[in-house]
Amino acid sequence: MFLRRRHTQKDDSEQRDEKVSELRAAIGPLSGRSSKYCTNACLRRYLEARNWNVDKAKKMLEETLKWRSTYKPEEIRWHEVAHEGETGKVSRASFHDRQGRTVLIMRPGMQNTTSAENNIRHMVYLLENAIMNLSEGQEQMSWLIDFTGFSLNTNISVRTARDIIYILQSHYPERLAIAFLYNPPRIFEAFYKAVRYFLDPKTSQKVKFVYPKNKDSVELMKSYFDVENLPSEFGGNATLKYDHEEFSRLMAQDDVKTAKFWGIVEKPYHIANGHSAIEVAPEPTPIAQGAN
C-alpha cells in the first residue's frame, strides 16, 4: 500500500509537470519581463488557482500579463507611495512565520488617506515587495490584521476592498497562504459580509478569525507563528513599533533590488522622510534574462 501511494504521488507530480509544459506551450514565446515573470513556479500557481485546467489558467495568466504591462507594478517605487504608509497601516514585518514566509501586517485602524487609487497602489507595492523578499523556494506570504482603533470611519470602502481582492485573486494567485484577522470588533462583521461576497472559495478558506478568548483560534495562529516573534497586538511577546523613517530606508534599499531583478535602469532620486532624505542611486544593470 505504501508503494502504491508513492507511485500515485509520482504519477500526480508527473501529470502536473506535463500541465506546466502544456501551459507554457499554450502561452507561446515570451520576452522581456513577461518571460522573467513566467517561471515554472508561476505557471504552477495559475494552474493551481484554476484547478489545473490549462485553458482557464492560460486565460488567467494572459490577463495578468496584460495588467502588468499597463499597471507596471514592478516599477512602483516607495517614494511614490510613502505618504500612504506614514501610519504603518500596511507594512512588511521584520519576522517570518514558522514556514519562513514573508509576513504583511495590516492595521485598518491606522487608515490615513481617502484615495482609493493610492491605497491600491500602496498595497500592490507591498505585495510586490513581500514577494521579492520571499525565502528561496517559498511562494506564499502570510497576513496579520490588527483591528486596534478600527471604526467604519477609518476603514477603506467596500469598493476599494473589492478592487484589492480582485487584484490579489486575479493577478497574485496562490500567493496568500493565510490571513489572520485578530480580534475584529462586531462592527467589522457587516463590512466583512459585504466583502466576503467577492472572495473565491479558496481565498475564503485562508481567512481565519482569531479571538483571544477562543482557545482553538489562538492555538491555530500560534501553530503558524512563534509567540516570541508575534507582536503583543496579536497575543505574542514581541513589541510592534512602526518607524516610518526606518521602514522607508528598507524599502528604498529593496527598490534597488527590485530594479536589478527586473533589469530596470533608474536615475537617482530622493525620498523625504520627515527628518531626513534618502538618496538611492541604483547601478545600471543589463536587461534581465528570462528564467524558468
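The preceding data block contains the structure.
Rules of the game
Every chain is numbered on its own, with residues counted from 1 as its sequence reads. Confidence filtering applies because this is a predicted model: local features only for residues at pLDDT of at least 70, side-chain atom pairs given and counted only at 80 or more, and all residues used for totals across whole chains, interfaces and linings. Each side-chain value is derived from all of the structure's non-hydrogen atoms; neither hydrogens nor water enter the calculation. For helices the rule is a DSSP run of H or I covering at least 4 residues; for strands it is a run of E covering at least 2, with both sets numbered from the N terminus onward. Buried means the residue's accessible area, taken with a 1.4 Å probe over protein chains only, is under 20% of the maximum for its type, while exposed means over 50%, and partly exposed covers the values in between. Residue contacts are counted whenever heavy atoms from the two residues lie within 4.5 Å of one another. Stacked, tilted and edge-to-face pairs are distinguished by plane angle, under 30 degrees for stacked and over 60 for edge-to-face with tilted covering the rest, among Phe, Tyr and Trp rings (Trp via its six-membered ring) whose centres lie within 6.5 Å. In this scheme, the term charge over a ring applies when either NZ of a lysine or CZ of an arginine sits within 6 Å of the ring centre and within 35 degrees of the ring normal. Criterion for a disulfide: a pair of cysteine sulfur atoms within 2.5 Å. Note on method: axes are straight lines fitted to C-alpha atoms, helices fitted across the in-contact stretch only, with angles between N-to-C directions ranging 0 to 180 degrees. For this classification, under 35 degrees means roughly parallel, over 145 means roughly antiparallel, 65 to 115 means roughly perpendicular, and everything else is oblique. The hand of a helix crossing depends on one turn: near helix anticlockwise from the far one by less than a right angle means left-handed, and clockwise means right-handed. Side-chain classes are defined by residue name, with Ala, Val, Leu, Ile, Met, Phe, Trp, Tyr, Cys and Pro counting as nonpolar, Asp, Glu, Lys and Arg as charged, and the others, Gly among them, as polar.

1. Focus: the overall build of the protein chain
Tallying secondary structure elements over the protein chain gives 11 helices and 7 strands in all. The buried share of the protein chain, taken over its 292 residues, is 48%. Within the protein chain, contacts between residues separated by at least 24 positions form 74% of all contacts whose residues are at least 6 apart in sequence.

2. Regarding the packing of aromatic side chains
By the definition in use, this model includes 18 aromatic pairs. Summarising the aromatic geometry, the rings of Y192 and F209 are spaced 5.1 Å apart at their centres and angled 80 degrees between planes, so their arrangement reads as edge-to-face. With a gap of 17 residues between them, Y192 in helix α8 (residues 186–196) and F209 in strand β5 (residues 207–210) connect regions that are remote in the sequence. Between Y242 and F247 the ring centres are 5.4 Å apart and the planes differ by 55 degrees, which places this aromatic pair in the tilted class. Across the pair, F247 and Y242 agree in class, each one buried. Ring-pair connections join several aromatic residues into one group, and the members of that group are F147, F150, F188, F191, Y192 and F209. The cationic tip of K36 hangs over the ring face of F261; the distance from NZ or CZ to the ring centre is 4.3 Å.

3. A few points about unusual backbone geometry
Although it is not a glycine, N51 adopts a positive phi angle of roughly 50 degrees. Examined against the element boundaries, N51 turns out to sit in the loop between α3 (40–49) and α4 (54–71). In this structure N51 comes out as exposed when scored by relative accessible area, which is 61%. Even without a glycine there, the phi angle at W52 is positive, about 65 degrees. Tracing the sequence through the fold places W52 in the loop between α3 and α4.

4. As for the state of the cysteines
Enumeration over the complete set of coordinates arrives at 0 disulfides. The thiol of C38 is not disulfide-bonded; the next cysteine sulfur, from C42, is found 4.9 Å away. The buried category is assigned to C38, whose relative accessible area is 0%.

5. Concerning the packing of helix α7 (residues 158–171) against α8
It is at 10 Å that the axes of α7 and α8 come closest, and there the two elements cross at 45 degrees. When the interaxial angle is binned, α7 and α8 end up oblique. Our pair here, α7 against α8, has a crossing hand that is right-handed. Here α7 contributes V158, A161 and I165 to the contact with α8, which in turn contributes F191, A194 and V195. Here the residues of the contact of α7 with α8 are counted per class, giving 6 nonpolar, no polar and no charged.

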